[in-house]
Amino acid sequence: MTALCNLNGVIRPENESAIPVLDRGFLFGDSVYEVMRTRDSVPFAWQEHLDRLRVSAAGIAIEVELSDREIMSRVRETIAASGPGEKYLRIIITRGTGSAPNIDFSCAQGPQTTVILVRELPGYQGLQARLAVVPRLRTDRRALDPAIKSGNYLNNVLGLAEAKAAGATDCLFLNAEGRVTEASTSNFFLIRAGEVQTPPLSAGLLAGITRRMLFDCLGNSGQKPRECDLGQADVLAADEIFLSSTLRDIYPVVSVDGQEISGGTMGPRTSEISQLFAKYCRRKVEEIDGPEYRRITAPAE
Ligand code: PDD
C-alpha cells in the first residue's frame, strides 16, 4: 500500500507532503498527536484517542479547530485512498505556521496544521522487550506532563537511544523520586504474587488507552490492576512484566538490566491477559467502534 499523508485536507503520498519551515510543530514540537490502528479496518478506540488528543491539546493551550466528525471524515478518506489492509494512523495537530521563528504565542496566529498519516500497520507478532533502566529521568510532571502527548518526544527519543546503546530493546524510565513510570512508548505492568500492578498516573506517565482498556478488561474477570508506586527492587522481584501500547497490544518483558524475568520468556499470566485483551478488542469493534465509526463518517444526507 502507499503511505499517504492528509495535510489540511489534501491527500498525497507521504514523501510528497511538506509543511512550511515556520510551522511551530517543526520549530518547537508545539503540537499534539495520537497514534491509532485499525482492527477489521476500523480505527480502533477512535473516540478515546480523539478525547485524549483534545486533553493533550488543552494541556498546551490549543483548542482543536476541527470537530471529531471532521477529523474522522479525513481519516476515513485517507484510509480509503490507501487501499486495503490494516493501518497505522497518526494524527498530528500543530499550533500552525508562525509569522517568525519565535516562541511567543503572538507569532502564532494559526490556523492549526492538521496532518493524518496512514501507513501499513507494522507486525509485532512474538515481540519481546529487554528493558534497561536508563539514568535519564522521565520528564517531570511539573515541567511538561508526560500525560500530554505532545510532539516534543525528545525525552523518549533519547531514553530509547540510550537503552539501545546499552544492548536493550527499550528503556524503563524512573521519575525524580526513583519510581517507575513507563517505557519509551508503552505503559508498564508487573505481576507479583498473582496481582497485576502498574504505576499510578501521578508517577508521571501517559494515560495509555491500552492501559485504561486493560483495567476494564481485567476488571471484568476480577483481576483489575492495582495502581501503586513501584521501585527498581519491585521490578527485579516481579514474576512477570509486560508492556502495553496501541500498536503492540500486550507484550512481555523478558529481562531488565540483563536480569531474566519469568525465565526469559513470556509468562503464563501475560499470555492469558494478552488473549483476554484480544477478545475484548474484538467485542469492542463489533459493539462500539464499528457501528459508531460508520455512523460518524457516513457522508451527510
Ligand atoms: N505510544 N507511553 C507513551 C510515552 C506512549 O507514547 C504511548 C503510546 C503509550 C501507550 O499508550 P496507548 O496505549 O494509548 O498507545 C505509553 C504510541 C503507540 C506511539 O507514540 O507510537
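Below or above, wherever it landed, is the structure these notes cover.

### Here's the deal with the overall build of the chain
Okay, so step 1: When helices and strands are counted, the chain shows eight helices and 14 strands.
Okay, so step 2: Computed over C-alpha atoms, the radius of gyration of the chain comes to 20 Å, within 12% of the 19 Å expected from 2.2 N^0.38 for 301 residues, which places it in the range of a compact globule.
Okay, so step 3: Along the longest, intermediate and shortest principal axes, the C-alpha atoms of the chain span 55 × 45 × 30 Å.
Okay, so step 4: When each of the 301 residues of the chain is scored for burial, the buried share is 51%.
Okay, so step 5: Contacts in the chain between residues at least 24 apart in sequence constitute 70% of all its contacts with a sequence separation of at least 6.
Okay, so step 6: Only carbon and sulfur atoms are counted for the fraction: they give 52% of the accessible area of the chain, which is about 13700 Å².
Okay, so step 7: When the 34 positive and 38 negative side-chain charges of the chain are each reduced to one mean point, those points stand 1 Å apart.

### What to know about the sheet that holds strand β6 (residues 113–120)
Adjacent strands of a sheet form backbone hydrogen bonds with each other and so pair up, either parallel or antiparallel.
Okay, so step 1: With respect to topology, six strands assemble into an open sheet ordered β2-β1-β6-β5-β3-β4, the strand pairing being antiparallel. Pairing within the sheet leaves two strands with one partner each, and these edge strands are β2 (10–13) and β4 (42–43).
Okay, so step 2: This element, helix α2 (residues 46–59), spans β3 (31–39), β4 and β5 (87–94) of the sheet and lies at about 175° to β3.

### Side note on the packing of aromatic side chains
Okay, so step 1: In the structure shown here, the tally under the stated rule is three aromatic pairs.
Okay, so step 2: Ring geometry for tyrosine 33 versus tyrosine 153: centroids 5.3 Å apart, planes at 75°, classification edge-to-face. Taken together, the residues span a long stretch of sequence, with tyrosine 33 in strand β3 and tyrosine 153 in the loop between α4 (141–144) and α5 (154–165) at a distance of 120 residues. Exposure class is identical for tyrosine 33 and tyrosine 153. Each is buried.
Okay, so step 3: Relative to tyrosine 280, the ring of phenylalanine 277 has its centre 6.2 Å away and its plane inclined at 15°; by these criteria the two rings are stacked. Here phenylalanine 277 and its partner tyrosine 280 are both found in helix α8 (residues 268–297), three residues apart, which amounts to about one turn of the helix.
Okay, so step 4: It is lysine 284 that lies over the ring of phenylalanine 44; its NZ or CZ is 5.9 Å from the centre.

### Notes on the environment of isoleucine 91
Okay, so step 1: Take isoleucine 91: it is sitting in strand β5.
Okay, so step 2: Residues isoleucine 91 and arginine 248, 157 residues apart in the sequence, show an inter-C-alpha distance of 18 Å.
Okay, so step 3: In this structure isoleucine 91 touches Val32, Tyr33, Glu34, Met36, Leu50, Leu53, Ile71, Val75, Val115 and Ile116, once residues within four positions along its chain are discounted.

### Some points on the pattern of salt bridges
Okay, so step 1: A complete count under the given rule lists 18 salt bridges for this structure.
Okay, so step 2: Arginine 95 serves as the salt-bridge partner of aspartate 30, at 2.7 Å between the closest nitrogen and oxygen. One end of the pair, aspartate 30, is in the loop between α1 (24–28) and β3; the other, arginine 95, is in the loop between β5 and β6, with 65 residues separating them in the sequence.
Okay, so step 3: For glutamate 272, the salt bridge identified is with arginine 269, shortest N-O distance 3.9 Å. Highlighted residues: glutamate 272 and arginine 269, both in helix α8, separated by three residues, approximately one helical turn.
Okay, so step 4: Judged by its relative accessible area of 36%, glutamate 272 is partly exposed.
Okay, so step 5: Residues joined in a network through salt bridges with shared partners are Arg24, Asp30 and Arg95.

The rules behind the values
Residues numbered from 1 in each chain as written. Predicted model: local features only at pLDDT ≥ 70, side-chain atom pairs only at ≥ 80, totals over all residues. Heavy atoms only, no water. Helix = DSSP H or I, 4+ residues; strand = E, 2+ residues; numbered from the N terminus. Rg over C-alpha atoms; globule rule 2.2 N^0.38 Å. Buried < 20%, exposed > 50% of the residue type's maximum accessible area, 1.4 Å probe, protein only. Contact = heavy atoms within 4.5 Å. Areas by Shrake-Rupley, 256 points an atom, 1.4 Å probe, with all protein chains shown as cover. Lys, Arg positive; Asp, Glu negative; His and termini not counted. Charge placed at Lys NZ, Arg CZ, Asp CG, Glu CD. Pairing = 2+ DSSP bridges. Axes fitted to C-alpha atoms, helices over the stretch in contact; angles between N-to-C directions. Phe/Tyr/Trp six-rings, centres within 6.5 Å; stacked < 30°, edge-to-face > 60°. Lys NZ or Arg CZ within 6 Å of the ring centre and 35° of its normal. Salt bridge = Lys/Arg side-chain N within 4 Å of Asp/Glu carboxyl O.

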